[in-house]
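Structural overview
Here is what each chain is made of, one letter per residue.
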Amino acid sequence: MPIQTLDDLAVQGTTLGVRIDINSPLTDDGGLADDARLRAHVDTLSELLERGGRVAVLAHQGRPGGDQFEGLGPHAERLGELLGAPVEYVDATFSADARRAVERLDDGQAVVLENTRFYSEEYMEFSPERAGATQLVDRLVPVLDAYVNDAFAAAHRSQPSLVGFPARLPGYAGRVMERELDVLGDIEGTPEPRTYVVGGAKVPDSMAVVESVLERGLADTVLTTGVVANVFLLAEGVDLGDASADFVYEQGYWDEIDRAADLLVEYGERIRLPEDVAVERDGDRHELALADLPPGDGEAAMDVGGATVAAYGEVISGRGTVILNGPAGVFEDDTFADGTRDLFTTATEAEYSIVGGGDTAAAIRRFGIEGFDHVSTGGGAALAMLTGDDLPAVEVLRD
Ligand code: 3PG
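What counts as what
Residues numbered from 1 in each chain as written. Predicted model: local features only at pLDDT ≥ 70, side-chain atom pairs only at ≥ 80, totals over all residues. Heavy atoms only, no water. Pairing = 2+ DSSP bridges. Helix = DSSP H or I, 4+ residues; strand = E, 2+ residues; numbered from the N terminus. Contact = heavy atoms within 4.5 Å. Axes fitted to C-alpha atoms, helices over the stretch in contact; angles between N-to-C directions. Buried < 20%, exposed > 50% of the residue type's maximum accessible area, 1.4 Å probe, protein only. Arc of directions from axis to C-beta. Near = heavy atom within 4 Å. Polar contact = N/O pair within 3.5 Å; in protein donor to acceptor, adjacent residues only side chain to side chain. Areas by Shrake-Rupley, 256 points an atom, 1.4 Å probe, with all protein chains shown as cover. Nonpolar A, V, L, I, M, F, W, Y, C, P; charged D, E, K, R; others polar. Right-handed = clockwise from strand over helix to strand, strands pointing away. Salt bridge = Lys/Arg side-chain N within 4 Å of Asp/Glu carboxyl O. Parallel < 35°, antiparallel > 145°, perpendicular 65-115°, else oblique. Phe/Tyr/Trp six-rings, centres within 6.5 Å; stacked < 30°, edge-to-face > 60°.

Things to note about the sheet that holds strand 8 (residues 221-224)
As summarised here, the arrangement of the six strands in space is 9-8-7-13-14-15, forming an open sheet in which the pairing is parallel. Every other strand in the sheet has two partners, leaving strand 9 (271-272) and strand 15 (374-375) as the edge strands with one partner each. Examined bridge by bridge, strand 7 (residues 194-198) and strand 13 (residues 321-325) share five bridges and lie parallel to one another. Pairing of Arg 194 across the sheet is with Thr 321, part of strand 13. Where helix 9 (residues 203-215) meets the sheet, it contacts strand 7, strand 8, strand 9 and strand 13, and its direction lies at approximately 165 degrees from that of strand 7. On the sheet, helix 13 (residues 306-316) packs against strand 7, strand 8, strand 9 and strand 13 and is oriented at approximately 155 degrees with respect to strand 8.

Structure (structure tokens):
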């Protein structure tokens, strides 16, 4: 079933529950450390306000018990600045205060309701029907005419604010959601050959991507980097030294080495491994070819080296589609930033380039690399799409 978008919605004078994902890194004093996710929703929100909608924004911040679990006051203030109009904030999600704030809205006005996860049921997974009967949904439905989901980054969750409203109200995809589904839902339609650059430290997630894109015939080549590459190198019997091997074991990724070995047997050279790695030696970056391994005592592979970037660059430069998922090394440390920065910069030269995954997008922003065709707002959600999984919050919009 096609999903209805804002093109199908008569906005003027209607009160809309608009779920966005502005879950952001916070500073120590609770301010916003990065407003990228807020910026992403400006198109949807300004379109709805310009078209005379009355917008009740629903969003979460952090996880219960976590140190980023805070209210949405700073988010509302920043959204107001980005939209160029005052955005009200009410520290209630569905109580009488919250409902009154929604009912008071005039055409073209917005209110940000409090962090949906301050309400315990919001952090549970439900079927759409059950979610539609939770207090959060049940109390807000009477003051809303329709629901817009623009929170692609949370669409892999089946929490009340994501799947409950469309069970009770007409549901529409916002512009962020629409674009993410268009791009990530149509990888088959992108130019060939297709190269996936898969790295980062979340090895089981990344391994699932490698497995899925090769099995579904989406990837011509997979270029491995980061801890993912270390796991493949260990599977090949490369002696990366104790520090790298210990890290893999400590993370509980022992089984992933067997999985990598199986994938190498099945897909052979379609999975490429680094030719060199960078370690820290005497406080500096030091690159070692595989033939020069193992590294010294305590030295861990923290990045791919220049020879790897050059070899991988030949695969991706100027040709087909490249899909980036996961950084190539510990890019937050300047000593080990080169691999990620150089490889990602090369990726912009491909005919078509997609960035998927939260850490990957963070690296792009850190290095100020521009020129990608699509930078996904999603972490787990982008990963789910890359592995071919359905997103509950999207499926309910189809229904
Ligand atoms: C994210 O940051 O990936 C989304 O906001 C979802 O957050 P969650 O992983 O805490 O559900």
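Some thoughts on helix 14 (residues 338-347)
For helix 14, the complete set of buried residues consists of Gly 339, Thr 340, Leu 343, Phe 344, Thr 346 and Ala 347. The buried residues of helix 14 occupy an angular sector of 155 degrees when the element is viewed end-on, so they sit on one face.

Section: the site of the ligand
Surrounding the ligand, one finds Asp 21, Asn 23, Arg 37, His 60, Arg 63, Arg 117, Ala 153 and Arg 157. Here an oxygen atom of the ligand and a side-chain polar atom of His 60 are 3.0 Å apart. Between Arg 63 and the ligand, the recorded distance is 2.7 Å, taken from a side-chain N or O atom to an oxygen atom. When isolated, the ligand has an accessible area of 310 Å², and the protein chains bury 87% of it. When grouped by side-chain class, the residues that make up the shell around the ligand number one nonpolar, two polar and five charged.

So, the sheet that holds strand 5 (residues 146-149)
Ordered by their spatial adjacency, six strands build an open sheet running 3-4-2-1-5-6, and the pairing between neighbours is parallel. Each end of this open sheet is capped by a strand with a single partner; those strands are strand 3 (88-89) and strand 6 (171-173). With five bridges connecting them, strand 1 (residues 15-19) and strand 2 (residues 54-58) associate as parallel partners. Among the inter-strand pairings, Gly 17 is bridged to a residue of strand 2, identified as Ala 56. Its contacts with the sheet put helix 7 (residues 160-168) on strand 1, strand 2 and strand 5, and the angle it makes with strand 5 is roughly 140 degrees.

As for the pairing of strand 14 (residues 352-355)
Relative to strand 14, strand 13 runs parallel, the two being bridged by four bridges. In the strand pairing of strand 14, Val 322 is matched with Ser 353. Between the parallel pair strand 13 and strand 14, the chain is carried across by helix 14, and the sense of this crossover is right-handed. Pairing of strand 14 with strand 15, which is carried by two bridges, proceeds in the parallel orientation. Counterpart to Ile 354 in the pairing with strand 15 is His 374.

Examining the pattern of salt bridges
Summed over the entire model, instances satisfying the criterion amount to 26 salt bridges. The closest approach of N and O atoms between Arg 175 and Glu 47, which form a salt bridge, is 2.8 Å. Taken as a pair, Arg 175 in helix 8 (residues 175-184) and Glu 47 in helix 2 (residues 42-50) lie far apart in primary sequence, 128 residues in all. Through salt bridges with shared partners, one network takes in Arg 285, Glu 287, Asp 303, Asp 338, Arg 341 and Asp 342.

Here's the deal with the packing of helix 2 against helix 3 (residues 73-83)
Relative to each other, helix 2 and helix 3 sit at 70 degrees, their axes nearing to 10 Å. It follows that helix 2 is roughly perpendicular to helix 3 by the angle criterion. Across the interface between the two elements, Val 42, Leu 45, Ser 46 and Leu 49 of helix 2 pack against Leu 79, Leu 82 and Leu 83 of helix 3. Its residues assigned to classes, the contact of helix 2 with helix 3 comprises six nonpolar, one polar and no charged.

Quick look at the pairing of strand 7
With five of its five residues buried, strand 7 lies for the most part within the structure. Burial along strand 7 is two-sided: the face carrying Arg 194, Tyr 196 and Val 198 and the face carrying Thr 195 and Val 197 are both buried. Of the strand pairs in this sheet, strand 7 and strand 8 are connected by four bridges, and their pairing is parallel. The residue of strand 8 that forms the bridge with Tyr 196 is Val 222. Considered for its hand, the β-α-β crossover made up of strand 7, helix 9 and strand 8 is right-handed.

Focus: the environment of Arg 272
Along the chain, the position of Arg 272 falls in strand 9. In this structure, Arg 272 is in contact with Thr 221, Val 222, Leu 223, Thr 224, Ala 311, Tyr 312 and Val 315, ignoring residues within four places of it in sequence.

Quick look at the packing of aromatic side chains
Think of a pair of aromatic rings as described by two things: how far the centres are apart, and how the planes are tilted against each other in angle. Within this structure, the stated rule accounts for five aromatic pairs. Both rings, one in Tyr 249 and one in Trp 254, keep their centres 4.8 Å apart while their planes meet at 65 degrees; by these two values the pair is edge-to-face. Look at Tyr 249 and you get partly exposed, because its relative accessible area is 38%. Between Phe 331 and Phe 367, the aromatic rings sit 6.1 Å apart at their centres with planes inclined by 65 degrees, giving edge-to-face as the arrangement. Note that Phe 331 is positioned in the loop between strand 13 and helix 14 and Phe 367 in helix 15 (residues 358-367), a separation of 36 residues in sequence. On the basis of relative accessibility, which here comes to 5%, the residue Phe 331 falls in the buried class.

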